[in-house]
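This is what each chain is made of:
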Amino acid sequence: MNRYTVAVLVRNQFGVLNRVTSMFRRRRFNISALSVSETESAEFSRITVLFDGDETGEQQLVNQLYKLPDVCSIKELKKEESFSAELVLIKLNNNPAVRDEILAAGKAFEAKTVDYSRDSIMFQLTADSRRIDDFINLMRDYEILEICRTGTISLERGAATLRKITNY
Amino acid sequence: MKLSGADIIVKTLIEQGIEVIFGYPGGQIINVYDSLYKYSGEIKHVLTAHEQGAVHAADGYARSTGRIGVVFATSGPGATNLVTGIATAYLDSVPVLAITGNVPTTQIGTDSFQEIDITGITLPITKHNYFVSRAEDVADTIREAIKLAVSGRPGPVLIDVPKDVQIAKCEYKPADKVEKCDPVPPKEIRIAEAAKIINASEKPFVYFGGGLISSGAEEELLELADKIDAPVGCSMMGVSGIPTDNPRFLGMQGMHGHFASSMAMNKADCIIALGVRFNDRVTGDRFKFATRTKIVHIDADGSELSKTVRADCGLRSDVKLTLKMLLPELKKTKHPEWNGEIADLKKREENGEDKREGLTPKNIIQTLNGFLKPSTPVATDVGQHQMWAAQYLSFSQKRRFISSGGLGTMGFGMGAAIGAYFGTGEKTVLITGDGSFGMCLNELATAVTYKVPVVILLMNNGVLGMVRQWQTLFFDKHYSNTVLGRKTDFVKLAEAFGAKGERVDSIERLSAAFERAFASDMPYLIDCAIDKDEFVLPMLPPGGSMEDIIIKADK
């Protein structure tokens, strides 16, 4: 089983995310993360999909995506040729007994303290998924109140872009 | 000129060359029906008994003509009644345009009367669907939808139009008829790869499906088979694609396919697959299917390549265009040994054939063959009768076998036969069973109203024969809920609808009944009794491989 990062440019239409995720659901593709956002153009949205599976599965995922008329362009982003990042917010109990340890750990990961109260500490960390996993695992030694993470976003290195194509 | 959204719907369909619409009116599409009233001289509307009948009719129209079929329905139950028919068209790649009314945009999302999220419901069973929120978008949406439905791998498209959009007025600018998208040719390197595999083959087998018919590549297929000296077989969706009497043609293969066709495909060292998708009814256990065989797969839909069985060479493009590029690259060869093997297989098939006399399924279908013109469309429902029809009917013209393959929709046939009549103007035949016919027989009313000259051959065994066959073979004859025991008098039923009917219990009387039925200009039902324990053979058990084929069954 491999992890694939697939970037998808879609027409910025009402319900387009539903069309994409509905296809994933009905064909039982194993999606571990998905993020969607606006792009450089109001005409398009960009979806980044993290898919776990084998090569045939990945090919099938790409082919099935191509069949959706709202999908304009698809590219598999290889790890070495792209930059990926994810953002996590993590809220911990501000226990005076371990406060210094928590702050030290945050500092070691270069996480930003974005909220601090008598009862809680909130960190923000932007990194690749692996590093975020490590940070969360470390924080499990303390009392985590809440976690929220965005899912990976990814762009190709260099001047290459997701080319616009007509798709029928 | 300023027109209402409803007028624009009808005007745009006329502009796009649509001649007939099947449908059923209702509260949220009443404005469109008012426009139909206004433009009734330019476009015909066929009122069915039920929306399901209407969508099957649009489907039968499309299958028999190759042109898009159009269906109208109102919101809520009208729209949901289309669902089975849209799914039927989707699974068999038939271009159908469904236009539904919906509640006004201000009421959308409030669960108002007869409001349903039909674009949500039909998301996985349409190529694409649209919710139109402005009258200004109506015309272009219809044009785009038609283009989408007929281009590439065809399929159904739905447009949902809220009532206020039907009422709102805007400028209508006529446009040209939309054309199919030009197919993108396959990569040259793939053509070379395919040619290399085929040229190296000693036992090639050409296998085609519905994609060959929608691409219009029959001539290229026959040229290919002649050039590489290969036998030809098809999936059920390919039936009627090439003339049945072509000496290279072994018939349908698969679960209930011809013995020689299925065996030849299994023994081949190279399968050239044209517009097929290697469905489980074709392959049996796909992990045991053609494991030592090279597969060259051509399909308009790239996602079909290596989806169920791996293709050694996959070409994503139009079948006709690809064959035209491929043919010059192929060596003209002869395979006398391979064709000798095929001749032996055909002999074995002939020896094993059902030679009984009397009212057997085979004799019934072959008697019917004597009455069919090349242009006669034959629709079927789903079950044993459908398989017998696919096995024994003779065709010489394409698009004349109209049957629900992928979804296997019982109740499809009656509506489809009506649609095929409106598409072709020909006397039409429906082969059905008492189970399937019971599902949508209300469309007899439509056939009578519009004087559709349809000959209905009802193969009546009083049971749900296909399920019964499985129960006999795999469930220790536990005939759970398959013995109908109904008291329906189908002759009286036909008469009650205003059609004609008669009952037949011998093969001699069947011929005479067909004489009368084919001479009739009204719907004519022949209630033909068959034995409840007839089997469809051969049979590849579900999930089995060619070693498991059942040729003869002990009942």
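Just so it is clear, the structure is predicted and the values come from calculations on it, not from any experiment.

Procedures and definitions
- Residues numbered from 1 in each chain as written.
- Chains lettered and ligands numbered in written order.
- Predicted model: local features only at pLDDT ≥ 70, side-chain atom pairs only at ≥ 80, totals over all residues.
- Heavy atoms only, no water.
- Domains from an automatic or database assignment.
- Contact = heavy atoms within 4.5 Å.
- Buried area = accessible area lost by both parts, 1.4 Å probe.
- Salt bridge = Lys/Arg side-chain N within 4 Å of Asp/Glu carboxyl O.
- Helix = DSSP H or I, 4+ residues; strand = E, 2+ residues; numbered from the N terminus.
- Buried < 20%, exposed > 50% of the residue type's maximum accessible area, 1.4 Å probe, protein only.
- Polar contact = N/O pair within 3.5 Å; in protein donor to acceptor, adjacent residues only side chain to side chain.
- Nonpolar A, V, L, I, M, F, W, Y, C, P; charged D, E, K, R; others polar.
- Phe/Tyr/Trp six-rings, centres within 6.5 Å; stacked < 30°, edge-to-face > 60°.
- Lys NZ or Arg CZ within 6 Å of the ring centre and 35° of its normal.

**Student:** How would you sum up the domain arrangement of chain A? Please name residues and give values.
**Tutor:** Residues and elements named next belong to chain A. Taken domain by domain, chain A comprises domain 1 (2-76) and domain 2 (83-153). Computed from C-alpha coordinates alone, the two centres of domain 1 and domain 2 are separated by 29 Å. With five residues of domain 1 at the contact, the number on the domain 2 side is four residues. Summing the contributions of domain 1 and of domain 2, the shared interface buries around 340 Å²; its carbon and sulfur component is 58%. The three residues of domain 1 that bury the most area against domain 2 are Ser35, Thr48 and Leu50, which together make up 67% of that side's buried surface. Along the contact surface separating domain 1 from domain 2 lie zero salt bridges. Mapped by element, the contributors of at least two residues to the side of domain 1 that touches domain 2 are strand S2 (31-38) and strand S3 (44-53). The leading source of residues in the side of domain 1 that touches domain 2 is S2, at three residues.

**Student:** Help me get a handle on the pattern of salt bridges, residues and values and all.
**Tutor:** Any two side chains of opposite charge can pair if their charged atoms end up close together. Residue and element names in this part refer to chain A. Considering all chains together, one arrives at 36 salt bridges over all chains under this definition. Taking the shortest distance from any N to any O, the salt bridge between Arg3 and Asp52 comes out at 3.0 Å. Of this pair, Arg3 sits in strand S1 (residues 2-11) while Asp52 is found in strand S3, placing the two residues 49 residues apart along the sequence. Classification of Asp52 as buried rests on a relative accessible area of 15%. The closest approach of N and O atoms between Arg149 and Asp133, which form a salt bridge, is 2.9 Å. Of this pair, Arg149 sits in strand S8 (residues 144-149) while Asp133 sits in helix H4 (residues 129-139), and the two are 16 residues apart along the sequence.

**Student:** Help me get a handle on the interface of chain A and chain B, residues and values and all.
**Tutor:** Of the residues lining the interface, 13 residues belong to chain A; the matching set on chain B comes to 16 residues. Roughly 1,400 Å² of surface becomes buried between chain A and chain B when both sides are summed, with 52% attributable to carbon and sulfur atoms. Inspection of the region where chain A meets chain B yields two salt bridges. The salt bridge involving B:Glu144 is made with A:Arg11; its shortest N-O contact spans 3.4 Å. Connecting chain A to chain B are eight residue pairs in polar contact (both at pLDDT 80 or more). Partitioned by chemical class, the residues of the side of chain A that touches chain B number two nonpolar, six polar and five charged.

**Student:** Any chance you could break down the side chain of B:His128 for me, citing the residues and the numbers?
**Tutor:** Mapping B:His128 onto the fold places it in strand S6 (residues 128-131). With near-sequence residues (within four places) excluded, B:His128 lies in contact with A:Arg19, A:Pro69, A:Asp70, B:Leu148, B:Pro156, B:Val157 and B:Leu158.

**Student:** Explain the packing of aromatic side chains to me, and be specific about the residues and the numbers.
**Tutor:** Using the criterion set out here, one finds 19 aromatic pairs over all chains in the structure. Between the aromatic rings of B:Phe371 and B:Phe514, the centroid separation amounts to 5.3 Å while the plane-to-plane angle is 45 degrees, which identifies the pairing as tilted. Taken as a pair, B:Phe371 in the loop between helix H16 (361-369) and strand S15 (378-380) and B:Phe514 in helix H23 (residues 507-519) lie far apart in primary sequence, 143 residues in all. The partly exposed category is assigned to B:Phe371, whose relative accessible area is 21%. Residue classification places B:Phe514 among the buried positions, given a relative accessible area of 0%. Judged by centre distance (5.9 Å) and plane angle (90 degrees), the ring pair of B:Trp470 and B:Phe474 falls under edge-to-face. In this pair, B:Trp470 and B:Phe474 are both assigned in helix H21 (residues 465-474), four residues apart and thus about one turn of the helix distant. According to the relative accessible area criterion, B:Trp470 is partly exposed, its value standing at 23%. Owing to a relative accessible area of 33%, B:Phe474 belongs among the partly exposed residues under this scheme. Joined through ring pairs, the aromatic side chains of B:Phe22, B:Tyr61, B:Tyr421, B:Phe422 and B:Tyr450 make up one cluster. Directly above the ring of A:Tyr66 sits B:Arg316, whose terminal nitrogen or CZ lies 5.8 Å from the centroid. Sitting above the plane of the B:Tyr479 ring, B:Arg468 keeps its charged end 3.8 Å from the centroid.

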